[in-house]
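Residues per chain, in single letters:
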Amino acid sequence: MKTCLVLGAGGFIGKSLCKKLARHYKVIAFNRSTPIELEDIENIEIITGDFSSIEDFTPLLNGVNIVYHLISTTIPSEDTNHIDKEIIENIVPTVRLLECMIKRGVNEIIFASSGGTVYGESSNHINQTNDKLNPICSYGVQKKVIEGYLEFYGLYYGLNYKILRISNPYGIGQDPRKPQGVIPIFIYRLFNNEPITVFGDGNNHRDYIYMDDLIDVLIKVASYNGDHHIFNIGAGKAYSLHEIIKIIEEKSGKNFAQINYKNMRKCDVSKTLLDITETQKELGWSPNININSGIAILLEYYKNMIFTGKI
């Protein structure tokens with residue numbers, strides 16, 4: 001049985017990925033704190049630590065065949081006050097990891113990049129994996145730089161890297177009280193009769209992917225042996241915030257208490273749509289859950305969580 005090291009196992013994506021990986025692999029779940037949801041699951045070993053402060057990753061790589069790198073200490077923002085800290089916390093330890101992988105003979109890494117930020121402003125253009133990258137926020141720049149180092153180590157040392165440029169994931173397990181994830185945030189505030197905030201005029205479009213579909217492709221790519229290294233991961237269709245709001249209201253039978261509009265942030269692009277045809281062809285994968293079905297599932301889930309006092 002192969003062993004997967006999942007860095008960032010306690011995050012929204014990490015927890016779901018570890019649970020499903022454990023059906024087929026031994027999993028080393030690395031996180032800053034212990035993810036209680038992963039305790040006592042067969043084939044999962046939990047190791048806690050601070051990714052940013054590790055100098056030598058060799059002990060963590062013992063017996064590992066595949067590394068999933070899901071860690072990021074930042075989210076998309078127009079803030080530039082802590083870029084030096086973000087570089088130290090994300091880019092520097094990733095390079096340390098790659099060095100240790102080469103020395104330890106661990107040859108496969110799967111990196112969660114960002115399809116929503118690395119391409120930058122693309123208007124009505126559908127983003128291809130060979131497009132020039134023009135990120136407009138520090139978060140996107142970090143992802144771009146890490147992608148560059150992965151390509152470098154692939155060229156120099158034959159590292160088998162796979163970069164997944166993921167659109168906007170949403171699904172069960174996402175914390176709607178955190179500042180990232182517009183769909184669960186909107187649903188949470190709908191049921192709590194709280195106002196929502198829209199940055200811009202509501203016509204900015206995003207590609208959203210349901211978590212189950214994302215986990216499926218994260219697992220599929222681990223067994224991919226083709227020549228491609230970069231994959232766009234999305235639903236292949238973009239929706240405006242106005243459309244998202246309308247779907248939530250129609251599916252719930254409830255209107256938002258108030259919608260506040262604020263100026264569009266410098267870190268926000270007007271439209272992001274990923275071309276996933278190459279991913280579909282190479283991996284034999286397609287998303288199964290459309291936006292209407294995904295929102296309906298979340299409405300039922302968060303309604304139950306809120307009214308039973310679990311969130």
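Right above here is the structure, for reference.
Quick caveat, the model's predicted, so the values are computed rather than measured. (Residues numbered from 1 in each chain as written. Predicted model: local features only at pLDDT ≥ 70, side-chain atom pairs only at ≥ 80, totals over all residues. Heavy atoms only, no water.)

Engineer: Looking at this structure, I do not really get the packing of aromatic side chains. What am I missing?
Structural biologist: One pair of aromatic rings is described through two measures. These are the centre distance and the angle between the planes. Counted by the stated rule, this structure contains 9 aromatic pairs. Both rings, one in Tyr224 and one in Phe231, keep their centres 5.3 Å apart while their planes meet at 90°; by these two values the pair is edge-to-face. Per residue, the accessibility class of Tyr224 equals that of Phe231, and both read buried. Ring pairing ties together the aromatic residues Phe152, Tyr153, Tyr156 and Tyr157, which thus form one cluster. Lying over the aromatic face of Phe199, Arg265 brings its terminal NZ or CZ to 4.4 Å of the ring centre. (Phe/Tyr/Trp six-rings, centres within 6.5 Å; stacked < 30°, edge-to-face > 60°. Buried < 20%, exposed > 50% of the residue type's maximum accessible area, 1.4 Å probe, protein only. Lys NZ or Arg CZ within 6 Å of the ring centre and 35° of its normal.)

Engineer: Hey, could you run me through the sheet that holds strand β7 (residues 168-170) in this one?
Structural biologist: For sheets, the rule is that strands pair by backbone hydrogen bonds, running either parallel or antiparallel. Read across the sheet, 3 strands follow the order β7-β9-β11 without closing on themselves; strand pairing throughout is mixed. Of all the strands in the sheet, just β7 and β11 (238-240) have a single pairing partner and so form its edges. Across the sheet, the mean angle from the axis of one strand to that of its neighbour is 50°, orientation sign disregarded. The pairing of β7 with strand β9 (residues 205-210) spans 3 bridges and is parallel. Directly across from Pro169, in β9, lies its bridge partner Ile209. (Pairing = 2+ DSSP bridges. Helix = DSSP H or I, 4+ residues; strand = E, 2+ residues; numbered from the N terminus. Axes fitted to C-alpha atoms, helices over the stretch in contact; angles between N-to-C directions.)

Engineer: Is there a simple way to think about helix α5 (residues 211-220) in this case?
Structural biologist: Each α-helix winds once per 3.6 residues, and so residues spaced three or four apart point in a common direction. Within α5, 7 of the 10 residues are buried, leaving the element largely enclosed by the surrounding structure. Those residues of α5 not exposed but buried are Met211, Asp213, Leu214, Ile215, Val217, Leu218 and Ile219.

Engineer: Please clarify how the side chain of Asp268 should be interpreted in this entry.
Structural biologist: With respect to the helices, strands and loops of the structure, Asp268 is situated in the loop between β12 (259-262) and α7 (277-283). Overall, the relative accessible area of 13% leaves Asp268 in the buried class. Among the polar contacts listed, one links the side chain of Asp268 to the side chain of Arg265, at a separation of 2.9 Å. For Asp268, the contacting residues outside a window of four places in its chain are Glu121, Ile136, Phe199 and Arg206. (Polar contact = N/O pair within 3.5 Å; in protein donor to acceptor, adjacent residues only side chain to side chain. Contact = heavy atoms within 4.5 Å.)

Engineer: Whenever I open this one, the pattern of salt bridges confuses me. Can you help?
Structural biologist: Proximity of charged atoms lets side chains of opposite charge pair with each other. Throughout the structure, instances matching the rule amount to 9 salt bridges. Note that Lys85 and Glu89 form a salt bridge whose closest N and O atoms lie 2.6 Å from each other. Here Lys85 pairs with Glu89, and both are found in helix α2 (residues 83-104), just 4 residues apart, close to one helical turn. You can call Lys85 partly exposed: its relative accessible area is 45%. Exposure remark for Glu89: the relative accessible area of 17% places this residue in the buried category. (Salt bridge = Lys/Arg side-chain N within 4 Å of Asp/Glu carboxyl O.)

Engineer: It is not clear to me how the packing of helix α1 (residues 12-21) against α5 should be interpreted in this structure. Could you clarify?
Structural biologist: Between two packed helices, what matters for the description is the angle formed by their axes and the separation of those axes. Packing of α1 against α5 brings their axes to within 10 Å, and their N-to-C directions diverge by 60°. Between α1 and α5, the interaxial angle falls into the category oblique. Considering only the axes of α1 and α5, their crossing is right-handed. On α5, the residues touching Phe12, Ile13, Ser16, Leu17, Lys20 and Leu21 of α1 are Met211, Leu214, Ile215, Asp216, Leu218 and Ile219. Of the residues in the contact of α1 with α5, the class split is 9 nonpolar, 1 polar and 2 charged. (Parallel < 35°, antiparallel > 145°, perpendicular 65-115°, else oblique. Left-handed = near helix turned anticlockwise from the far one by under 90°. Nonpolar A, V, L, I, M, F, W, Y, C, P; charged D, E, K, R; others polar.)

Engineer: I'm lost on the sheet that holds strand β3 (residues 44-48) in this one. Help?
Structural biologist: On the basis of which strands lie adjacent, the open sheet formed by 7 strands has the order β3-β2-β1-β4-β5-β6-β10 and parallel pairing. Strands with a single pairing partner mark the edges of an open sheet, and in this sheet they are β3 and β10 (230-233). On average, each strand axis in the sheet is inclined to that of its neighbour by 20°, with strand direction left out of account. Direction of pairing for strand β6 (residues 160-166) relative to β10: parallel, over a ladder of 4 bridges. Across the sheet, the residue bridging to Ile166 is Ile233, located in β10. Along the sheet, helix α3 (residues 138-157) contacts β5 (108-114), β6 and β10; its crossing angle with β5, the most-contacted strand, is approximately 155°.

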